[in-house]
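Report on the structure
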Amino acid sequence: AENCLTQLSSSAGAERRYLPSDLLVRDALMVELDLSDAKASGDFHILAQKIEHALRVLRDAEYLASTLDGCSEVHRACLRAEEVCRNALTADQWEAAVAHLRRALEEVRIIRTLSERCE
């Protein structure tokens, strides 16, 4: 069994390398989960925690996108998502925060979709 597992793990790595664009897609998925959780929570404290984590991931994605060819639209979408997330953090009413989160989720979906084009 150990021999089979060793062969399987070594062959899987040879077939598929992870690319920076894969990391951008994963970052977008993580941010999407954070923002969806924040929106569903109904609690400003949870919303703030989730958005702050999402902002850290978005900053990393923004930096990575700025270093890749063909990734300028992803970079701009990261910047827009960060701005809208900050707006959600400063909203004084839940409905306003949720509206900002919806807009941020739209930008994150753009990031996820376009990240595959980055090289």
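Now for a description of the structure that goes with this document.

Each value, and the rule that gives it
- Residues numbered from 1 in each chain as written.
- Predicted model: local features only at pLDDT ≥ 70, side-chain atom pairs only at ≥ 80, totals over all residues.
- Heavy atoms only, no water.
- Salt bridge = Lys/Arg side-chain N within 4 Å of Asp/Glu carboxyl O.
- Helix = DSSP H or I, 4+ residues; strand = E, 2+ residues; numbered from the N terminus.
- Buried < 20%, exposed > 50% of the residue type's maximum accessible area, 1.4 Å probe, protein only.
- Core = buried A, V, L, I, M, F, W, Y, C linked by side-chain atoms within 4.5 Å.
- Contact = heavy atoms within 4.5 Å.
- Disulfide = S-S within 2.5 Å.

As a further point, take the pattern of salt bridges. Inspection of every chain in the model, using the stated rule, returns nine salt bridges. Between E32 and R109 there is a salt bridge, and its shortest N-O distance comes to 3.4 Å. Separated by 77 residues along the polypeptide, E32 in helix 2 (residues 20–41) and R109 in helix 5 (residues 94–114) bring together distant segments of the chain. Classification of R109 as partly exposed rests on a relative accessible area of 37%. One salt bridge in this structure joins R80 and E107, with 2.9 Å as the shortest N-O distance. With R80 in helix 4 (residues 72–90) and E107 in helix 5, this residue pair connects regions lying 27 residues apart in the sequence. Residue R80 is classed as partly exposed on the basis of its relative accessible area, which comes to 28%.

Here we take up the nonpolar core. Judged by nonpolar contacts, the single largest core of 32 residues is most densely connected at L24, L35, I51 and V74. A total of nine residues in this core trace back to one element, the largest contributor, which is helix 3 (residues 44–67). V74 has contacts with L24, A65, I111, L114, S115 and C118, leaving out every residue within four places of it along the chain.

In total, this model carries one disulfide according to the counting rule given. Here C71 engages in a disulfide with C118; their sulfurs sit 1.9 Å apart. Around the S-S axis, the bridge from C71 to C118 shows a dihedral of about 75° and counts as right-handed. Pair noted here: C71 is in the loop between helix 3 and helix 4 and C118 is in the segment after helix 5, with a separation of 47 residues, a long-range link. There is no split in this pair, since C71 and C118 are both buried.

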